[in-house]
Amino acid sequence: MDIVDIVGIAGAALIIVAYLLLQLRRIDADNAWYSTANAAGAALILFTLWYSFNLAAVIINTFWLTISLYGVGIALSRRYNNQDASD
């Protein structure tokens, strides 16, 4: 196992753990951590695809990363707006 494999496994683990915590109701889908973990996982998997290309995997992980980054933005925006409302 080389470093690229380890990076890919770490990315997959992030996505799996985030989804598991969501299903166990330990986190909410609106939580910034959930989207951040998904974005980081997809980015790590995309990194590995530079070394072992697979078009289908690139497509799904590019969308996964993009949608997750959108989710991070929404979560942070909500957090920022809630702080302004409490001031």
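Our subject is the structure that appears above.
This one's a predicted model, so the numbers in the text were calculated from it and none came from an experiment. (Residues numbered from 1 in each chain as written. Predicted model: local features only at pLDDT ≥ 70, side-chain atom pairs only at ≥ 80, totals over all residues. Heavy atoms only, no water.)

**Considering the pattern of salt bridges**
Definition in use: Any Lys or Arg side-chain nitrogen found within 4 Å of a carboxyl oxygen on Asp or Glu counts as a salt bridge. For helices the rule is a DSSP run of H or I covering at least 4 residues; for strands it is a run of E covering at least 2, with both sets numbered from the N terminus onward. Working definition: with a 1.4 Å probe on protein chains only, accessible area under 20% of the residue-type maximum means buried, over 50% means exposed, and in between means partly exposed.
Tallying each qualifying case throughout the model produces one salt bridge. We note a salt bridge from Arg 78 to Asp 30, for which the minimum N-O separation is 3.3 Å. Residue Arg 78 is located in helix α3 (residues 55–86), and its partner Asp 30 is located in the loop between α1 (3–23) and α2 (32–49); the two are separated by 48 residues in the primary sequence. Arg 78 sits in the partly exposed class, given a relative accessible area of 42%.

**Re the packing of aromatic side chains**
Put simply, the rule reads: Pairing of aromatic side chains requires ring centres within 6.5 Å, counting the rings of Phe and Tyr and the six-membered ring of Trp. Pairs whose planes differ by under 30 degrees are stacked, by over 60 edge-to-face, and all others tilted.
Inspection of every chain in the model, using the stated rule, returns one aromatic pair. Each ring, one from Phe 47 and one from Tyr 51, has its centre 5.3 Å from the other, and the planes form 65°; the classification is edge-to-face. Overall, Phe 47 belongs to the partly exposed group, its relative accessible area being 39%. Assessed through its relative accessible area of 52%, Tyr 51 is described here as exposed.

**Let's talk about the nonpolar core**
The test is simple: As used here, the term nonpolar core means buried Ala, Val, Leu, Ile, Met, Phe, Trp, Tyr and Cys residues forming a set that is joined through side-chain atoms within 4.5 Å. For this analysis, residues touch if any pair of their heavy atoms sits within 4.5 Å.
With five residues, the main nonpolar core is built from Ile 15, Ile 45, Leu 49, Ala 57 and Val 58. Breaking this core down by element, the ones donating at least two residues are α2 and α3. Once you skip the residues sitting within four places of it in the chain, Val 58 turns out to touch Leu 46, Leu 49 and Phe 53.

In short, the description is geometric, and any link to function would need to be established separately.
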